[in-house]
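Here's the letter readout for the chains.
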Amino acid sequence: MSTGNLRVHSVVPPVPAADPRTGHYEVLDAYAGQTYTFNRYGQHVYTSDLVTGRLTYNFTYSVNSYYGRLMKVRLAYDVFLFTSRLAYVCFTVHYN
């Protein structure tokens, strides 16, 4: 803040702190009732219900790095979406 003309030059939103045990970042959405969890590389690891804590989506990547590609999405009730990347992204649904 400038003391001469009292103008705000920048506003920075607060950055969530990483969980010291897992290194993951959690973003809470009270309106949707969900918690979105990201790893240290910014990849969406899972989504859980805010009230029950039950996982609704679980994401698996090829490697745990910036270069990891989404390989599998596990939805509730053991429904899996597998991705294959050729010229485009394909999803295959498997039910257990």
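Residues numbered from 1 in each chain as written. Predicted model: local features only at pLDDT ≥ 70, side-chain atom pairs only at ≥ 80, totals over all residues. Heavy atoms only, no water.

Student: It is not clear to me how the pairing of strand β1 (residues 25-29) should be interpreted in this structure. Could you clarify?
Tutor: Residues in a regular strand project their side chains so that they alternate between the two faces of the sheet. Across 5 bridges, the pairing between β1 and strand β2 (residues 34-38) is antiparallel. Paired with Leu28 across the strands is Thr35, a residue of β2. (Pairing = 2+ DSSP bridges. Helix = DSSP H or I, 4+ residues; strand = E, 2+ residues; numbered from the N terminus.)

Student: Please clarify how the layout of surface pockets should be interpreted in this entry.
Tutor: Any space left empty among the atoms is revealed by the rolling of a water-sized probe across them. Its boundaries defined by the atoms lining it, the largest pocket holds a volume of some 150 Å³. As for the largest pocket, its lining consists of 13 residues, and the residues nearest its centre are His24, Asn39, Gln43, Val45 and Asn64. Tallying contributions element by element places strand β4 (residues 55-61) first for the lining of the largest pocket, with 3 residues. Across the lining of the largest pocket, the residue classes break down as 5 nonpolar, 7 polar and 1 charged. (1 Å grid on protein atoms, 1.4 Å probe; cavity = no way out; pocket = protein on both sides within 12 Å on 5 of 7 lines; lining within 4 Å. Points joined across faces, edges and corners; volume = space filled by probe spheres on them. Nonpolar A, V, L, I, M, F, W, Y, C, P; charged D, E, K, R; others polar.)

Student: Would you mind showing me how to read the environment of Ala18 here?
Tutor: One can find Ala18 in the segment before β1. Given the relative accessible area of 31%, Ala18 is considered partly exposed. Each C-alpha atom, one on Ala18 and one on Arg40, is 8.1 Å from the other, the two residues being 22 residues apart in sequence. Ignoring anything within four residues of it in the chain, the contact list for Ala18 reads Gly23, His24 and Tyr25. (Buried < 20%, exposed > 50% of the residue type's maximum accessible area, 1.4 Å probe, protein only. Contact = heavy atoms within 4.5 Å.)

Student: Help me understand the side chain of Thr35 in this model?
Tutor: Within the secondary structure layout, Thr35 lies in strand β2. Excluding residues that lie within four positions of it along the chain, Thr35 makes contacts with Glu26, Val27, Leu28, Tyr46, Thr47, Ser48 and Leu50.

These values are about where atoms sit, not about what they do.
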